[in-house]
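Commentary on secondary and tertiary structure
Each chain is listed here by its residues.
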Amino acid sequence: RDFGSSESLSAGRLVGNSSSRLFGNAEYHPRKDVTLNAGFYLDRDQWSGTSFSPRIGANWAVTPEHTVRVGWATGTRRPDLQEQQGNWTYAMSGATPTIPGVAKPYFYQTALARGGLVPERNSRIEVGYYGNLMSRNLTADVVVFREHLRDLISEKLSISSFVPTNGGRSENSGLESEIRYVYSASLQLGAGGAWIRSTANNSLELAQYSSLSGFAH
């Protein structure tokens, strides 16, 4: 159970959400070099109901040093307490001049959550390669992916504009890669990067991703 209280975000009330979760995973080896796996995540809460998130995947060890994989997975993010049950207000103290008959004055703007939000949903399919070149102390990982996100709560929430909805959606596709070199037991070098192409129905979702990124360490 999640619960909390805030004088500003829940008007001093204790708000909460009861939830339950169940997950499972199974793995099968039809051949020595092939691994198949499947799993699921089932969760339920009192405000947004039940959601089921399955996933499947397959790995093929082409050689001891080279592996290819393919996978499909889904997931959810449930609305938080503020998005689902928020009662946003600001109590003031030390206000002058005092207001006769008012022990605790409040800011003139308030915002009350309407509830009824459903979980955000994501599905992703990917194909990847992993190389472990032990003779050269080198590993490489490359993934090509496509993902679809829907029912997103994209609004930038404030006390003057507090209308969260599930109207956002986004699609992303691209490539992610990482390479690592083990120079010695105490020194490892690594670098990686990503290229992502995004489309969305609002500018806030588009701002979540950079088309090109990279790192080195």
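A few points on the structure. All values derive from a computational prediction rather than experimental measurement.

To continue, consider the sheet that holds strand E4 (residues 34–45). The nine strands are arranged E3-E4-E5-E6-E9-E10-E11-E12-E13 in an open sheet whose pairing can be described as antiparallel. Unpaired on one side and paired on the other, strand E3 (19–31) and strand E13 (212–216) mark the two borders of the sheet. For this sheet the average axis-to-axis angle between neighbouring strands, irrespective of direction, equals 10 degrees. Pairing geometry for E4 and strand E5 (residues 49–63), over 12 bridges, is antiparallel. By the bridge assignment, glycine 39 is partnered in E5 with arginine 55.

Let us look at the pattern of salt bridges. This model, assessed by the stated rule, comprises 13 salt bridges. In this structure, glutamate 120 engages arginine 77 in a salt bridge whose closest nitrogen and oxygen atoms are separated by 2.7 Å. Of this pair, glutamate 120 sits in strand E9 (residues 120–133) while arginine 77 sits in strand E6 (residues 66–77), and the two are 43 residues apart along the sequence. Judged by relative accessible area, which is 11%, glutamate 120 ranks as buried. Salt bridges sharing common partners tie together Arg69, Arg124, Glu126, Asp141, Glu147 and Glu176.

Attention now moves to the nonpolar core. Core analysis: the largest hydrophobic core is formed by five residues, namely Trp88, Ala111, Ala113, Ile159 and Phe162. Residues in contact with alanine 113, not counting those within four places in the same chain, are Gln82, Glu83, Gln84, Gln85, Gly86 and Phe162.

In this structure, arginine 31 sits in strand E3. On a C-alpha basis, the gap between arginine 31 and tryptophan 60 in space is 9.4 Å, while along the polypeptide they are 29 residues apart. Within the local environment of arginine 31, its side chain forms a polar contact with the side chain of aspartate 33, the two groups lying 2.9 Å apart.

Analysis parameters
- Residues numbered from 1 in each chain as written.
- Predicted model: local features only at pLDDT ≥ 70, side-chain atom pairs only at ≥ 80, totals over all residues.
- Heavy atoms only, no water.
- Pairing = 2+ DSSP bridges.
- Helix = DSSP H or I, 4+ residues; strand = E, 2+ residues; numbered from the N terminus.
- Axes fitted to C-alpha atoms, helices over the stretch in contact; angles between N-to-C directions.
- Salt bridge = Lys/Arg side-chain N within 4 Å of Asp/Glu carboxyl O.
- Buried < 20%, exposed > 50% of the residue type's maximum accessible area, 1.4 Å probe, protein only.
- Core = buried A, V, L, I, M, F, W, Y, C linked by side-chain atoms within 4.5 Å.
- Contact = heavy atoms within 4.5 Å.
- Polar contact = N/O pair within 3.5 Å; in protein donor to acceptor, adjacent residues only side chain to side chain.

Read these as geometric descriptors, not functional statements.
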